[in-house]
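# Remarks on the overall topology
What follows is each chain in one-letter form.
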2 protein chains.
Amino acid sequence: MKIENVLIVDPLIGEFTGDIITEGKTICDIIPHDCNYERIVMPGFADVHTHAFEKIDTMNASKEDFEKWSKKNFEHGVTSLIPTTVSASKEDILKVIENIKFCGTPIEGLHLEGPFINPEKKGAQNPDYIRNPSVDEIVEITPDFVRLITMAPERPNFYEALKYLQKKNIKVSIGHSGAGYDMMEKAYLNGADRITHFPNALNQLHHRDISGTGSAMLLDFNVELICDGIHSSKEFIKLTYKIKGSDRIILITDSMEAAGLNDGKYSLGGLDVYVEKGVARLKSGNIAGSTLLFDKGVKNFYEFTGCSLKDLSKVSSYNALKDLNIENKGRIKIGYNANFVVLDKEINVQETIFEGKTVYKK
Amino acid sequence: MKIENVLIVDPLIGEFTGDIITEGKTICDIIPHDCNYERIVMPGFADVHTHAFEKIDTMNASKEDFEKWSKKNFEHGVTSLIPTTVSASKEDILKVIENIKFCGTPIEGLHLEGPFINPEKKGAQNPDYIRNPSVDEIVEITPDFVRLITMAPERPNFYEALKYLQKKNIKVSIGHSGAGYDMMEKAYLNGADRITHFPNALNQLHHRDISGTGSAMLLDFNVELICDGIHSSKEFIKLTYKIKGSDRIILITDSMEAAGLNDGKYSLGGLDVYVEKGVARLKSGNIAGSTLLFDKGVKNFYEFTGCSLKDLSKVSSYNALKDLNIENKGRIKIGYNANFVVLDKEINVQETIFEGKTVYKK
């Protein structure tokens with residue numbers, strides 16, 4: 001495949017015009033040259049925190065459902081997908097693993113959000129299933145296919161669990177946590193250097209204990225951001241970009257089953273969720289995941305922050321993949337996977353190319 | 001006067017070794033040369049927000065008291081001092097102006113903290129005297145000697161008052177305010193670009209309205225900081241330095257009459273204040289000014305942030321003076337006032353030089 005006369009955006013090299021040539025699943029040549037362009041080619045998007053999409057929910061999806069989900073996501077430029085569980089019984093988590101483990105790319109693995117979190121910061125997680133970690137249970141629910149687990153460092157046995165998971169190359173992300181600065185710093189220094197849907201379900205910044213929110217700002221944590229303008233305001237996104245820079249932000253959707261569908265009554269982890277004007281809430285009023293589509297989040301980030309396309313390719317793809325040690329993806333470079341999203345100048349998805357083949361065209 | 005073989009720290013040029021030669025009140029030559037040094041020479045410190053010191057209180061000090069206060073402050077390296085009122089009746093504010101207006105340097109003017117603030121964010125200000133601004137009253141209480149006034153932008157008539165004060169070259173600083181982001185942005189865009197004792201008595205950062213605290217972080221406000229480790233934590237100071245950089249921070253003491261004295265019962269703006277272990281509080285528990293000495297605040301900032309000496313000279317002198325358009329002070333440069341603080345390598349004051357004369361020596 002030859003993609004000609006486009007603006008190529010690589011997260012490390014930056015922007016230049018030219019052609020990309022692929023062979024099989026791989027980028028085999030890049031030819032920079034001056035040209036006018038209408039299309040922008042960036043590495044395909046990576047969504048590493050998404051619970052559900054158009055009524056397909058990680059917690060009860062079949063292998064076929066996951067494949068359908070992956071295909072539908074090509075419409076939104078996503079070429080790396082990590083479905084995400086909610087707090088559930090061990091049996092239910094093992095069932096998800098059974099259904100997903102033989103799915104190939106674009107599904108890159110599984111993200112376990114909970115169950116080892118703080119019930120006081122549960123957000124829309126079902127408190128019936130929130131519990132303390134034990135290394136025995138963690139061994140059972142983290143076969144190789146699990147890439148990422150969201151945990152609260154204040155839970156007993158956290159550091160034992162962390163050590164085990166680090167050896168297995170499974171990333172621990174801090175989330176749904178009431179940790180203050182000291183505890184956050186300890187977790188960070190022990191290598192838990194990632195934050196789930198920052199700053200939702202963390203303690204707020206206070207000037208006498210900067211807590212979870214402030215620690216994420218002060219220390220070099222990688223932070224997930226839901227860029228829907230609902231989970232946090234436009235100004236909070238701008239502030240996060242100002243503080244963290246483009247290297248530490250990972251855009252996610254955190255989407256639930258109403259994503260891509262209309263307002264109405266839905267479900268998340270066994271809890272009823274009411275979607276009104278695209279905002280998903282529990283009866284209590286707690287925000288319950290998002291209805292955000294990945295490409296919309298990318299466009300929002302671009303508009304809110306005024307960032308460069310180079311930075312946009314970091315937060316929408318490269319950072320998420322690097323953070324999880326997923327190799328050969330997230331750059332436009334010879335030898336890398338030929339996963340691209342093709343955008344117009346207004347950052348609308350025009351085409352998605354996955355492993356060297358067009359899988360979506362507007 | 002010749003100051004030989006010292007490390008010279010200028011806030012714009014940086015650090016270099018050499019000699020400084022003064023003539024009268026002025027720096028007349030600077031001779032850079034390689035040498036070993038024991039002493040560090042920085043521009044004399046500026047404290048632009050201080051209510052009182054060793055029982056001398058701005059609200060009832062005589063001309064002689066102000067002169068005594070200025071002299072005592074030389075021990076702490078301060079060569080520019082701006083005593084600060086609290087919310088009080090018009091008559092009491094006019095009385096302060098009568099007593100202070102003929103004081104010469106190091107007193108550079110007066111800071112009015114209140115009375116046009118938000119009673120819901122009063123902190124340790126006496127609510128009996130908090131009121132709406134009127135341009136008529138502002139005209140009366142801001143003769144030329146007033147440099148700075150702390151106000152809340154949510155008060156009626158704020159923008160009328162701001163316009164009048166800007167024409168008079170009197171700086172408006174936002175403080176004791178419950179403003180949200182939109183109001184903070186409006187005030188900033190209208191030129192009220194300074195924050196009083198950040199982030200105390202502002203609304204906390206929230207991710208759905210970043211409010212006063214977050215606005216100060218996002219926009220290019222200059223922010224006063226009380227670096228006592230009590231008004232805000234060490235980590236908050238580090239975070240502020242990370243976000244705002246060295247050009248936007250102004251160290252202050254916000255000291256009340258117990259500064260320099262022992263624990264006990266004191267007073268601030270007609271309210272009883274109890275000082276325990278150096279922390280001043282109202283009966284309600286609200287922090288009521290500080291007992292911080294300026295040099296201690298400078299040393300704390302240096303230790304908390306690990307900043308360079310160049311940055312330290314900005315936050316302790318240059319920024320405060322530049323913000324108030326006070327000329328020829330705050331740098332070590334030919335033609336500038338010969339106001340210096342001489343420090344040892346542990347940032348302890350060894351000597352203070354004011355207008356070319358040694359006024360304190362350890």
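Residues numbered from 1 in each chain as written. Chains lettered and ligands numbered in written order. Predicted model: local features only at pLDDT ≥ 70, side-chain atom pairs only at ≥ 80, totals over all residues. Heavy atoms only, no water.

Facing the 26 residues of chain B at the interface are 26 residues of chain A. Carbon and sulfur atoms make up 65% of the surface buried where chain B meets chain A, a total of about 2,300 Å² over both sides. Applying the counting criterion to the chain B and chain A interface returns zero salt bridges. For the pair chain B and chain A, the number of links is eight residue pairs in polar contact (both at pLDDT 80 or more). Broken down by secondary-structure element, the contributors of at least two residues to the side of chain B that touches chain A are helix H6 (211-218) and helix H7 (234-244) of chain B. Take the side of chain B that touches chain A: its biggest share by element is six residues, from H7 of chain B. Of the residues that constitute the side of chain B that touches chain A, the class distribution is twelve nonpolar, nine polar and five charged. (Contact = heavy atoms within 4.5 Å. Buried area = accessible area lost by both parts, 1.4 Å probe. Salt bridge = Lys/Arg side-chain N within 4 Å of Asp/Glu carboxyl O. Polar contact = N/O pair within 3.5 Å; in protein donor to acceptor, adjacent residues only side chain to side chain. Helix = DSSP H or I, 4+ residues; strand = E, 2+ residues; numbered from the N terminus. Nonpolar A, V, L, I, M, F, W, Y, C, P; charged D, E, K, R; others polar.)

Moving on: the state of the cysteines. Residues and elements named next belong to chain B. Evaluation of the coordinates by the stated rule reveals zero disulfides over all chains. In this structure Cys227 is not part of a disulfide, and its nearest cysteine sulfur, from Cys307, lies 9.4 Å away. A relative accessible area of 5% means that Cys307 is categorised as buried. (Disulfide = S-S within 2.5 Å. Buried < 20%, exposed > 50% of the residue type's maximum accessible area, 1.4 Å probe, protein only.)

Residue and element names in this part refer to chain B. What the seven strands build is an open sheet, ordered E3-E2-E1-E4-E18-E19-E20; its pairing is mixed. Edge positions in the sheet fall to strand E3 (26-32) and strand E20 (357-361), since each of these pairs with one other strand and no more. Shown here is a sheet whose adjacent strand axes are inclined to one another by a mean of 35°, direction ignored. Relative to strand E2 (residues 14-23), strand E1 (residues 2-10) is paired through seven bridges, and the arrangement is antiparallel. Counterpart to Val6 in the pairing with E2 is Gly18. Contacts between helix H9 (residues 309-323) and the sheet are confined to E1, E2 and strand E4 (40-43), with E4 contributing the most and set at about 40° to the helix. (Pairing = 2+ DSSP bridges. Axes fitted to C-alpha atoms, helices over the stretch in contact; angles between N-to-C directions.)

Moving on to unusual backbone geometry. All names here are of chain B. The peptide bond linking Thr105 to Pro106 adopts the cis configuration, its omega dihedral lying at 10°. As for its position among the elements, Pro106 is in the loop between helix H2 (90-100) and strand E9 (110-113). Of note, the bond from Phe198 into Pro199 is cis; its omega dihedral lies within 30 degrees of zero at -5°. Mapped onto the secondary structure, Pro199 falls in the loop between strand E12 (194-195) and H6. Positive phi, close to 70°, is recorded for Lys55, a residue that is not glycine. Mapped onto the elements of the fold, Lys55 is located in the loop between strand E6 (52-53) and strand E7 (56-57). Non-glycine residue Ser211 carries a positive phi angle of around 55°. Tracing the sequence through the fold places Ser211 in helix H6. Judged by relative accessible area, which is 4%, Ser211 ranks as buried.

Residue placement: Lys242 of chain B occurs in helix H7. Placed 25 residues apart in sequence, Lys242 of chain B and Met217 of chain B show a C-alpha to C-alpha distance of 10.0 Å. When neighbours within four sequence positions are excluded, Lys242 of chain B is seen to be in contact with Met217, Leu218, Leu219, Asp220 and Ile243 of chain A. Within the structure, the side chain of Lys242 of chain B is placed 2.7 Å from the backbone oxygen of Met217 of chain A, a separation counted as a polar contact.

Here we take up the pairing of strand E2 (residues 14-23) of chain A. Regular strands place side chains that alternate from one sheet face to the opposite one. Residue and element names in this part refer to chain A. Of all ten residues in E2, seven are buried; the element is thus mostly enclosed. Here strand E1 (residues 2-10) folds back onto E2, and the loop between the two strands holds three residues. Across six bridges, the pairing between E2 and strand E3 (residues 26-32) is antiparallel. When the sheet's bridge partners are listed, Gly18 is paired in E3 with Pro32. Here E2 hands over to E3 after two residues, with Gly24 in that stretch at a positive phi of 60°.

A word on the packing of aromatic side chains. Residue and element names in this part refer to chain B. In total, this model carries 14 aromatic pairs over all chains according to the counting rule given. Ring geometry for Phe198 and Phe236: centres 5.5 Å apart, planes at 40°, overall tilted. Of this pair, Phe198 sits in the loop between E12 and H6 while Phe236 sits in helix H7, and the two are 38 residues apart along the sequence. Classification of Phe198 as buried rests on a relative accessible area of 1%. (Phe/Tyr/Trp six-rings, centres within 6.5 Å; stacked < 30°, edge-to-face > 60°.)

Right, let's talk about the sheet that holds strand E17 (residues 279-281) of chain A for a bit. Two modes of strand pairing occur in sheets, parallel and antiparallel, and in both the strands are linked by backbone hydrogen bonds. Residues and elements named next belong to chain A. With antiparallel pairing, the three strands of this open sheet are ordered in space as E15-E16-E17. What marks the edges here is a single partner per strand, and that holds for strand E15 (264-268) and E17. Put simply, the sheet's adjacent strands are angled 35° from each other on average, direction ignored. Of the strand pairs in this sheet, strand E16 (residues 271-276) and E17 are connected by three bridges, and their pairing is antiparallel. Note that in E17 the partner of Glu276 across the bridge is Val279.

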